[in-house]
Amino acid sequence: MSSKNNSFSLSRRNFLKISAAVTATAGMGFGANMLNIKEVSAEESEKLANSLGNVEVKYTADVMCPSECGMEMWVKDGRIIKIYGNESCPFNDGACCAKGASGMQLVYSPDRNKYPLIREGERGEGKFRRATWEEAIDYIGKKLVDIKKTYGPESVIMDAGDVTDRDQYYRLFHAFGTPNCVEHGSICDTPRRHGPKLMLGGKRIEPDVMRPVLVRQPDGSLKKDYTYYSKLIIYVGWNPFVATRINYESRGTVGAKVENGCKVIVVDPAHTNTASQADQWLPIRPGTDGDLFAAMLRYILENDNQSNPFRKYIDWSFKDLSVGWDEFDTEFKAWWGKTDPINGKSYFSLEWAADRTGLSKEQIAEVAHEFGSTKPAALVWGMQSPGHHFNGYPASIIGTALNIITGNIDVPGGAIDTELVKCDKGGDAKGSNFKKKKVKRAVDGIEVEGEVEHLHMDLYGDWPAAWDDVVGDYPRRFREGVTLNYGPLKGHKYPIKGFMIRTGNPVMTGGNTKDWIDALTAKDSSGNYKVELVVNIDTLYLETGMYADVILPEASYAERMSLSDVYPSHQVLWLRDRVINPLHESKCPTDIMNMLAKKLSDLGDADFKASDFWDKYNSEEDFVNEMLAPAPGRNHAGEPVPYPHLPLGYKLQGTPDSLDAGRVTIDHEKKVVKGELLTVDWMRKNKGVAVWPMSWNRFKVFDKEAGKYVASKAVAKTNSKLFEFTFSGYEKYNKLISETSIIPRGLKEIGYDKYPNTFYWFETKWNPYTNTEYAKYKDEYPFQLICGRVHHAMTGTQMVPWLSETPVEGTWMPLNNSFKHKIIDMNAKGELEEVEKEFKTGTFCVGTIAINASDAKALGLKTGDLAILENPLGAQEKGKVYVTEGMRPGTIKLGFGTGGRFSPGIGPTSKNKDYTPNHSGLVDPNAHSPIMGMPCYADMIIKVKKV
């Protein structure tokens, strides 16, 4: 059997194995009919095209979930009629899941924002009047000018939300004069990223399973390579078969199992879709992933035997690429002599970890041995855990260390820090240069000077190490304001008076829902809202939009242009091209940026010039071309050498074909190779995708004189350009602390007076099994609360009923009460039309309470019963129970953002708000992870009461 492009072949035996694996995933929303696929002949293609008439094919990028796969959309008479995956994009290699295929129900949804709106009632009432664009922009412009004059531009936050295409808004507000421009990463999983950031300079470790990859062959040619090398993948708190941000992990995990015999181990309290296809499921106690990692590291250090090939766990050559191992090793081992007050056992021992994780000593020893002895392998940890825990930082540090010392970083089939190898894009377009503008502020009656960036509310305020900002702590700052503790402008205080929120939904996802609502509706003594201006820019009318003063309808992802490159294993970039013109009265980000910039200029704001905005960017394409200018922007490194005729270690810029052909100029002084600039036009001619060659072993280079590999210093973005076990990334923050003697609030909470320079450890919150402070709650609140993804883009696509026909793991199940709602659906002719549809009882998926069968029996609960969840803070959520064997006893799982949805803009799902639980309603509003301030979504205990 051959693929469509004949680039690889499968034996009948392997095809049957893949078929069985795909059939087994039918419960994931993939039916067995997937196997009824055959290659379409040229004659059949021509016949199909003729039957459809005049059809235009556009190549773009999806935003139906954060994966942003490369897509192919067919357009007829200005309407999208078909959606497929783009075969030219190796990230998804032509695959299109149910989310991508459902895009038309979002684009043509009757519930989307259609025209500008201005609030008439109180915030939250949802009372708006229709306005013109001119009126809405004038309203926003005047308020922004007033805030800037009265409080300073830093009093405005631009939160660009949880999809890409944010650069225009960054540019606009950096020029306005605020450094407080943020995006969703700060409320996503910053603890999970912390270890890779400190030790590698990256952020996201994934297994080497993206296929195909474009590889330089021995004869000099470039070919797509579908070969899998992985022998072991351990997914900890990570469920790629549902949380499909990394599309290639879903198919690549199965591919590695089938074609290379790769073993897959899933560590998770819930028996997820990924666990169902794994070789081993370890149902760990929530919040103890770091405990498992620590025990694995101790076991490997204690049992490594370089003379025994079966116990040769450590590849000691890592020390040639590293700095600080001895210090890290000493500090880590120092804990072995300490006794844990929770169980009286030696820290990080097998006995200690077994008591805390709920796994057996034998299971922990086995997984440590397998990871140490199997090459290549990848240890991968997830967003929900440890990313959503108070103490996720030590876990991600140990996990990174384990991948490094076992020799699995950046080897074929190993672990890749995808942040370090994806393209550089954006360039000057996002307007970072505006942050260097000099500003003056009066502090204690004395005028001091700094730069715009020194006004940042986190980096020079309460959270200096929060390189991804602290959106989760906004409610407190909305109420209390900001005091700068560090930098040249220290002592400067300012309130938050403007909140520009674009495509995000923090009321539901930014922490505790009630806390966000309280902050957005808080009033001063005069009866005015403390946050004077809230603007929501979105295609969708979500809960946060209900608390806005102005809503601007942004064009949907199919109606605007930008770029995508979501964590591939090497440099790949694909175009989000405009497929259709903006519908209704929506506008694309470039137009919104220019309109608001021009209005601010007309109102006398001298920071806005035509040459920086409306004259510079006459179209979306102008803006995206500037974003493309630095690509690929990574240093030339690795094996096989991507371009043998170009110097190693030099930064590459330019189209793949110009670099390959040597149509370049080389600046040896700056170590830059420049080919022909990548443009939108070039990408369109290449099906919307640019692919540069893959290589491995990019952190090292063979030194012929020394006869061994040495550090390339071409990829790691640490200060030393090496793997760092002593954390130089903290040095600049410690310098700020030493200059003022002000200890950041998070560090104070865990008992540190500065950021540690090597391994450190502290316990999580709200876990009575690992933290003595919470042991008193164990009996009254016997359940630990966890959350997980379903087949939606967080809270953004639940107006798409097709996706509510796909059950997910007990947390998104067809337990609805009967209701009616207007939706876009297919008619008898196969055309989309707006209809009122009745959703009968048990036909529409809703957010549920997944509970272990034995726990449910003890409580007298059965599937469909109503129950109330209550935490020690008195917060309650009500929902329908789903009883399952696929859950660790003592654990309750909810879908994230699936329940309590009260905005009418999310369509049918809003009809179920009264009997679906909102996970964010149970989050501790005062629990923020201590280094970067992220909300502790996964740290909570509850009791369950039958209604």
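Residues numbered from 1 in each chain as written. Predicted model: local features only at pLDDT ≥ 70, side-chain atom pairs only at ≥ 80, totals over all residues. Heavy atoms only, no water.

For the protein, the count of helices and strands is 26 helices and 43 strands. Compactness check: the protein gives a C-alpha radius of gyration of 27 Å against a globular reference of 30 Å for 947 residues, within 12% of the reference. Expressed as lengths along the three principal axes of its C-alpha atoms, the size of the protein is roughly 75 × 70 × 65 Å. Within the protein, buried positions represent 63% of all 947 residues. (Helix = DSSP H or I, 4+ residues; strand = E, 2+ residues; numbered from the N terminus. Rg over C-alpha atoms; globule rule 2.2 N^0.38 Å. Buried < 20%, exposed > 50% of the residue type's maximum accessible area, 1.4 Å probe, protein only.)

What follows covers the packing of aromatic side chains. The final tally for this structure, using the stated rule, is 52 aromatic pairs. Where Phe-91 meets Tyr-248, the ring centres are 5.5 Å apart and the plane angle is 90°; that geometry is what we call edge-to-face. You can see Phe-91 sitting in the loop between strand 3 (79-85) and helix 3 (98-101) and its partner Tyr-248 sitting in helix 8 (residues 247-260), a full 157 residues away along the chain. Each member of the pair, Phe-91 as well as Tyr-248, carries the same accessibility label: buried. Here the guanidinium or amino end of Lys-422 rests over the ring plane of Tyr-567, the centre of that ring lying 4.5 Å away. The ring of Trp-614 carries the charged tip of Lys-598 above its face, separated from the ring centre by 5.8 Å. (Phe/Tyr/Trp six-rings, centres within 6.5 Å; stacked < 30°, edge-to-face > 60°. Lys NZ or Arg CZ within 6 Å of the ring centre and 35° of its normal.)

For soluble globular proteins, the rule of thumb is that nonpolar side chains tend to be buried together. Core analysis: the biggest nonpolar cluster contains 183 residues, and Ile-80, Phe-348, Phe-478, Phe-499 and Ile-931 have the highest contact counts within it. At 9 residues, the largest contribution of residues to this core is made by helix 10 (residues 289-303). What Ile-931 contacts, discounting residues up to four positions off in sequence, is His-194, Tyr-393, Trp-463, Ala-465, Ala-466, Tyr-730, Leu-747, Ile-750, Tyr-755 and Tyr-760. Among the nonpolar cores identified, the runner-up in size contains 57 residues, and Leu-144, Leu-573, Phe-613 and Leu-678 belong to it. (Core = buried A, V, L, I, M, F, W, Y, C linked by side-chain atoms within 4.5 Å. Contact = heavy atoms within 4.5 Å.)

Moving on: the environment of Phe-844. Summarising the element assignment, Phe-844 is placed in the loop between strand 37 (832-839) and strand 38 (846-847). Judged by relative accessible area, Phe-844 falls into the buried class, the value being 0%. Measuring from C-alpha to C-alpha, the distance between Phe-844 and Arg-888 comes to 26 Å, with 44 residues separating the pair along the chain. Setting aside its immediate chain neighbours within four residues, Phe-844 contacts Pro-801, Ser-804, Met-813, Pro-814, Leu-815, Asn-816, Phe-819, Phe-839, Pro-908, Thr-909 and Asn-912.

Across the interface, helix 12 (residues 350-357) lies against helix 13 (residues 361-373) with an axial gap of 8 Å and an inter-helix angle of 115°. As summarised for this structure, helix 12 and helix 13 are arranged roughly perpendicular, according to the angle between their axes. Helix-helix and strand crossings are classified by hand; for helix 12 and helix 13 the assignment is right-handed. Across from Leu-350, Glu-351, Ala-353, Ala-354 and Thr-357 in helix 12, the residues of helix 13 making contact are Lys-361, Ile-364 and Ala-365. Residue composition of the contact of helix 12 with helix 13, by class: 5 nonpolar, 1 polar and 2 charged. (Axes fitted to C-alpha atoms, helices over the stretch in contact; angles between N-to-C directions. Parallel < 35°, antiparallel > 145°, perpendicular 65-115°, else oblique. Left-handed = near helix turned anticlockwise from the far one by under 90°. Nonpolar A, V, L, I, M, F, W, Y, C, P; charged D, E, K, R; others polar.)

Take the confidence of the model for the protein next. On average, the protein scores 93 in pLDDT, and the residues at 70 or more come to 95%. Segment residues 1-37 is flagged for pLDDT under 50; beyond a separation of four residues in sequence, or across chains, it makes 39 contacts in the model. (pLDDT = per-residue confidence, 0-100.)

What follows covers the sheet that holds strand 1 (residues 56-61). Here we have 3 strands laid out as an open sheet, ordered 1-2-3, and antiparallel in their pairing. Strands at the two margins of the open sheet, each flanked by one partner only, are strand 1 and strand 3. Taking the axes of each pair of neighbouring strands and ignoring which way they run, one obtains an average angle of 30° across the sheet. (Pairing = 2+ DSSP bridges.)

On to the state of the cysteines, then. According to the stated counting rule, one finds 0 disulfides in the structure shown. Just so you know, Cys-97 is unpaired, no disulfide at all, and the nearest cysteine sulfur is the one on Cys-65, 5.8 Å from it. Residue Cys-97 is classed as partly exposed on the basis of its relative accessible area, which comes to 26%. Among the cysteines around Cys-845, which has no disulfide bond, Cys-97 carries the closest sulfur, lying 15 Å off. (Disulfide = S-S within 2.5 Å.)

Once that is clear, we can look at the packing of helix 6 (residues 167-176) against helix 20 (residues 589-602). The geometry of helix 6 relative to helix 20 is characterised by a closest axis approach of 9 Å and an angle of 15° between their N-to-C directions. In this view, helix 6 runs roughly parallel relative to helix 20, as classed from their interaxial angle. Two packed elements cross with a definite hand, and for helix 6 against helix 20 that hand is right-handed. Contacts between helix 6 and helix 20 pair Gln-168, Tyr-169, Arg-171, Leu-172, Phe-173 and Phe-176 from the former with Pro-589, Thr-590, Ile-592, Met-593, Leu-596, Ala-597 and Leu-600 from the latter. A breakdown of the residues in the contact of helix 6 with helix 20 according to their chemical character gives 10 nonpolar, 2 polar and 1 charged.

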